[in-house]
Structures are given as C-alpha cells and as structure tokens.
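# Reading the structure
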Amino acid sequence: MRDVYVLGVGQIPVTKEKDESLREMAARAVKAALADAGVETVGALYVGNMLSGMLSHQQHLGALVAHASGLRGIEAATAEAACGSGGAAMRWGYMAVAGGLHDVVVVCGVEKMTHTDRYETTRALATASDWPHEGAHGHSFVSLNAIIMQEYLQRYRANRSLSSPPLPSTPITMPSPTPTRCFKSRSPSKPTRHPLSSRHPSGYTMPRPSATVPPPLCSARQR
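Residues numbered from 1 in each chain as written. Predicted model: local features only at pLDDT ≥ 70, side-chain atom pairs only at ≥ 80, totals over all residues. Heavy atoms only, no water.

### Looking at the pattern of salt bridges
Defined as follows: Salt bridges are counted wherever a side-chain nitrogen of Lys or Arg sits within 4 Å of a carboxyl oxygen of Asp or Glu. Relative accessible area decides the class of each residue, using a 1.4 Å probe on protein chains only: under 20% of the type maximum gives buried, over 50% gives exposed, and in between gives partly exposed. Counting from the N terminus, the helices are DSSP H or I runs at least four residues long and the strands are E runs at least two residues long.
Going through the model one piece at a time under the given rule, you end up with 3 salt bridges. Here arginine 28 and glutamate 20 are joined by a salt bridge, their closest N and O atoms 2.8 Å apart. Assessed through its relative accessible area of 41%, arginine 28 is described here as partly exposed. Looking at glutamate 20, the relative accessible area reads 16%, which means it is buried. With a shortest N-O distance of 3.1 Å, glutamate 151 and arginine 155 are connected by a salt bridge. Of this pair, glutamate 151 and arginine 155 both sit in helix α6 (residues 141–156), 4 residues apart, which is roughly one turn of the helix. Of the residues examined, glutamate 151 reaches a relative accessible area of 19% and is grouped as buried.

### Considerations on the packing of aromatic side chains
Put simply, the rule reads: Aromatic pairing here means that ring centres of Phe, Tyr or Trp (its six-membered ring) are within 6.5 Å. Orientation follows from the plane angle: under 30 degrees is stacked, over 60 is edge-to-face, and everything else is tilted.
Counting across every chain of the model gives 2 aromatic pairs. Between tyrosine 46 and tryptophan 92, the ring centres sit 6.0 Å apart and the planes meet at 85°, which makes this aromatic pair edge-to-face. With tyrosine 46 in strand β2 (residues 44–48) and tryptophan 92 in helix α4 (residues 85–98), the pair connects residues that are 46 residues apart, well separated along the chain. Summarising the aromatic geometry, the rings of tyrosine 152 and tyrosine 156 are spaced 5.0 Å apart at their centres and angled 50° between planes, so their arrangement reads as tilted. Placement of the pair is tyrosine 152 and tyrosine 156 together in helix α6, with a separation of 4 residues, close to one helical turn. We classify tyrosine 152 as buried; its relative accessible area is 7%.

Function cannot be inferred from these measures alone, as they are strictly geometric.
Put into structure tokens, the structure is as follows:
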C-alpha cells in the first residue's frame with residue numbers, strides 16, 4: 001500500500017440557489033480542487049451523492065461531473081451510502097491511489113435538496129431508513145432520532161436537560177456538500193409525519209447496559 005496525500009481542496013458556498021444543476025455545482029468544486037492542487041489531469045473521479053435520482057431525476061453523476069469538469073474519458077463513478085456518501089467516495093479515492101490503480105484522483109461530494117418542497121425532501125431522506133418498518137409508516141430521521149432519545153431517557157432515567165438543545169419539532173433539511181479533494185500517491189523524490197412513539201416501529205430495542213452508569217449521550221445535532 002502506498003502513502004496517500006491530499007494535494008488540494010475546493011468548496012463552493014452552501015446555498016439555496018435552484019438554477020444551478022448538480023453537475024455544475026460539482027464541476028465548480030472539482031475545478032477549484034484541481035487548481036488548488038496544481039494539477040490538470042487525474043486518473044479517476046469519485047462522486048458521493050444520495051438523492052440526485054429521487055430529487056433531481058438524475059443518476060450517473062460520475063460521468064456527467066467528469067465531462068462538466070473537463071475530465072471526459074477518465075474512470076468515474078458515484079458512491080451512495082446515505083449520509084456517508086461523501087466518505088464512501090473518499091474511501092474509493094484513497095484505495096485507488098494506495099493500491100496503485102491511479103496516481104492522482106479527485107473525490108467530490110454534492111447534494112441538492114432545497115429545490116423541492118420539504119415533504120418530498122424529507123421523504124427522500126427517509127429512504128435511508130429500514131423502509132418497510134420505518135419510512136413506509138411515515139417516519140423521518142427526525143422522528144426516529146426522537147424515538148431513540150425518548151427510549152434513552154426512559155430506560156436510563158437520564159436528566160432531560162442533558163438533551164439540550166431541545167429536539168426540533170419539525171424537520172429541517174439543509175444541503176451539506178462535502179469539500180472536493182484531490183489525492184496523490186507519495187513521490188519517491190519528495191513527500192508530497194408520524195406521531196412519535198416510545199416504541200420503534202420495527203421492534204428495535206436498545207442494548208442492555210453492562211454497568212449502572214448510563215452510556216454517553218450523542219449530540220442532538222448529530223444528523
């Protein structure tokens with residue numbers, strides 16, 4: 001395995017702009033990363049995205065973003081892993097360089113979620129749940145996280161003040177593009193809408209504690 005380094009980073013502002021397409025947004029970030037890295041050509045492009053097919057009716061972002069970025073003809077693919085899509089794409093890029101398949105690759109994460117109404121976006125996000133048992137019954141990630149918190153408070157009799165700031169009462173969706181990164185191997189010469197319930201719809205139960213001390217609380221803003 002070869003050592004891998006980040007050569008450059010490019011990021012565009014988070015915005016609710018509806019006229020710019022996914023490929024245009026991603027291309028701007030890719031070009032900024034290439035300029036920051038001081039390279040013009042790469043061996044591959046890996047794009048992290050979850051919702052383009054459902055909200056923008058556009059799949060196959062890898063090839064489209066490569067073409068829009070002036071990188072036509074290179075290996076290009078899209079990684080989907082729900083909220084971890086950008087991280088999955090980064091792992092692909094790391095493995096490609098570390099394994100010797102490519103010397104330089106670009107990784108890009110992009111999402112566009114505010115051009116559709118809130119209900120459609122929230123429902124699309126819920127497809128990352130266990131749909132037959134959760135999303136299909138009207139649950140969103142906001143309600144599922146609230147159920148887990150309720151179960152925690154009841155089971156461990158935790159002080160409700162520990163969950164501050166309070167859980168939101170309505171879903172909030174915001175775009176969160178992952179900064180685009182350009183990777184390279186090391187050179188030998190220089191280093192380079194459902195009512196909340198305390199019971200999970202699929203019968204999920206939290207693991208029993210192994211000690212009398214309650215486990216640490218996760219941040220209420222984790223998602």
